[in-house]
Amino acid sequence: MARKRRKLTNPLALAVMTTLWQKPMHPYEIAQTLHSQGKDASTKINYGSLYTVVQNLEKHGFVEVAGVERQGNRPERTVYGLTDAGREEMAEWLSDLLAVPAKEYPIFETALSLMAALPPDEVVRLLEMRLSSLEVQVASGRGALEKLYETLPRLFLIEVEYQLHMVEAQAQWVGGFLEEIKKGSLPGVDEWRRFHETGELPAEFTT
């Protein structure tokens, strides 16, 4: 099942629509709400481009001006609301993201695919550093999540829970991979080490 091509692909646009789904807001209030609800921990939010995102949503008919607010001597603020087309787009886009797996390109995967350019012992040293950092993240993340469970329903912490599980899974995998390199049980590790010692690329590495 392929994902549908959309007029807007910036995840911030989807975050804005789900925020306006709660109620009409002006852009500054949208930014405050995204921050207060912790959405900046799961979505890359460039607050400087938020106004541009809102303008693009309006251009495509997904949001519309719902009114103008003015408090005291402050400048007027345009309040935006979600249109019917915006509600439909939000629901379809969100459903698509939840249902259809997509290939993503985390930078760690890129590094793993290229790590043979470094000697095995250096890779061990670097991955041990990474594992140490991951273990700290797991410990602090687990403690923070337990505190959050005391004040917020789990429904609103699912993305934090998912992030923690992903860090835990990565730490477990890195730990196991390190053991394979150290014990020499990783297929090809001897040839990998020999290449960095002699400069001769094994024939099987070129096929």
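Being a predicted model, the structure only gives us computed values, none of them experimental.

Draft legend 1. Molecular detail of the overall build of the protein. When helices and strands are tallied, the protein shows eight helices and two strands. If you list the helices and strands of the protein from N to C, you get α-α-α-β-β-α-α-α-α-α. Taking 17 Å as the expected radius of gyration for a compact globule of 207 residues, we find that the protein reaches 24 Å, considerably beyond that expectation. Based on the C-alpha atoms only, the size of the protein along its principal axes is roughly 75 × 40 × 35 Å. Going through the 207 residues of the protein one by one, you find that 30% of them count as buried. With an accessible surface of roughly 13800 Å², the protein has 55% of that area assigned to carbon and sulfur atoms. Distance between charge centres in the protein, computed from 23 positive and 29 negative side chains, equals 6 Å.

Draft legend 2. Structural context of the nonpolar core. Counting residues in hydrophobic clusters, the biggest one holds 23 residues, and the most contacted among them are Leu 12, Val 16, Met 17, Leu 20, Ile 30 and Leu 57. In terms of residue count, helix H1 (residues 11–22) provides more of this core than any other element does, seven residues in total. Core analysis: the next-biggest nonpolar cluster, separate from the first, contains 20 residues, Val 124, Leu 164, Phe 177 and Val 189 among them.

Draft legend 3. Quick look at H1. The end-to-end C-alpha distance of H1, which contains 12 residues, comes to 17 Å, matching closely the 16 Å that a straight helix rising 1.5 Å per residue would cover. Along H1, the residues that are buried comprise Leu 12, Ala 13, Leu 14, Ala 15, Val 16, Met 17, Thr 19 and Leu 20. If you follow the buried residues of H1, they end up packed against helix H2 (27–36), helix H3 (50–59), strand S1 (63–69), strand S2 (77–82) and helix H4 (84–99). Measuring from the backbone nitrogen of Leu 12 back to the side-chain oxygen at the start of H1 gives 2.9 Å, which picks out Asn 10 as the cap.

Draft legend 4. Representation of the pattern of salt bridges in the model. All chains considered together, the criterion is met by 11 salt bridges. Where Glu 29 meets Lys 23, a salt bridge forms, and the shortest distance between an N and an O atom there is 3.0 Å. Using a relative accessible area of 41% as the deciding quantity, one classes Lys 23 as partly exposed. For Lys 147, the salt bridge goes to Glu 150, with nearest N and O atoms at 3.9 Å. Summarising the burial analysis for this pair, Lys 147 and Glu 150 share the class exposed. Each of Arg 6, Glu 89 and Glu 92 takes part in salt bridges that share partners, so that together they form one network.

Draft legend 5. Fine view of the packing of aromatic side chains. One pass over the full model with this rule turns up one aromatic pair. With 5.0 Å between their ring centres and 15 degrees between their planes, Trp 173 and Phe 177 make a pair best called stacked. Of this pair, Trp 173 and Phe 177 both sit in helix H7 (residues 158–183), separated by four residues, roughly a single helical turn. With relative accessibility at 43%, the residue Trp 173 sits in the partly exposed group.

Draft legend 6. Looking closely at the packing of helix H6 (residues 120–149) against H7. At a minimum axis separation of 9 Å, H6 and H7 run at an interaxial angle of 155 degrees. When the interaxial angle is binned, H6 and H7 end up roughly antiparallel. Of the two elements, H6 crosses H7, and the hand of that crossing is left-handed. Here the contact of H6 with H7 is built from residues that sort into 17 nonpolar, four polar and six charged.

Draft legend 7. Region of the structure containing a nonpolar patch on the surface. A contiguous nonpolar surface patch, about 250 Å² in accessible area, is contributed by Leu 118, Leu 126 and Met 129. Here Leu 118 falls in the partly exposed class, since its relative accessible area comes to 38%.

Rules used throughout
Residues numbered from 1 in each chain as written. Predicted model: local features only at pLDDT ≥ 70, side-chain atom pairs only at ≥ 80, totals over all residues. Heavy atoms only, no water. Helix = DSSP H or I, 4+ residues; strand = E, 2+ residues; numbered from the N terminus. Rg over C-alpha atoms; globule rule 2.2 N^0.38 Å. Buried < 20%, exposed > 50% of the residue type's maximum accessible area, 1.4 Å probe, protein only. Areas by Shrake-Rupley, 256 points an atom, 1.4 Å probe, with all protein chains shown as cover. Lys, Arg positive; Asp, Glu negative; His and termini not counted. Charge placed at Lys NZ, Arg CZ, Asp CG, Glu CD. Core = buried A, V, L, I, M, F, W, Y, C linked by side-chain atoms within 4.5 Å. Expected span 1.5 Å × (residues − 1). Contact = heavy atoms within 4.5 Å. Polar contact = N/O pair within 3.5 Å; in protein donor to acceptor, adjacent residues only side chain to side chain. Salt bridge = Lys/Arg side-chain N within 4 Å of Asp/Glu carboxyl O. Phe/Tyr/Trp six-rings, centres within 6.5 Å; stacked < 30°, edge-to-face > 60°. Axes fitted to C-alpha atoms, helices over the stretch in contact; angles between N-to-C directions. Parallel < 35°, antiparallel > 145°, perpendicular 65-115°, else oblique. Left-handed = near helix turned anticlockwise from the far one by under 90°. Nonpolar A, V, L, I, M, F, W, Y, C, P; charged D, E, K, R; others polar. Patch = residues over 30% accessible without salt bridge, like charges linked within 9 Å, V, L, I, M, F, W, Y side chains within 5 Å.

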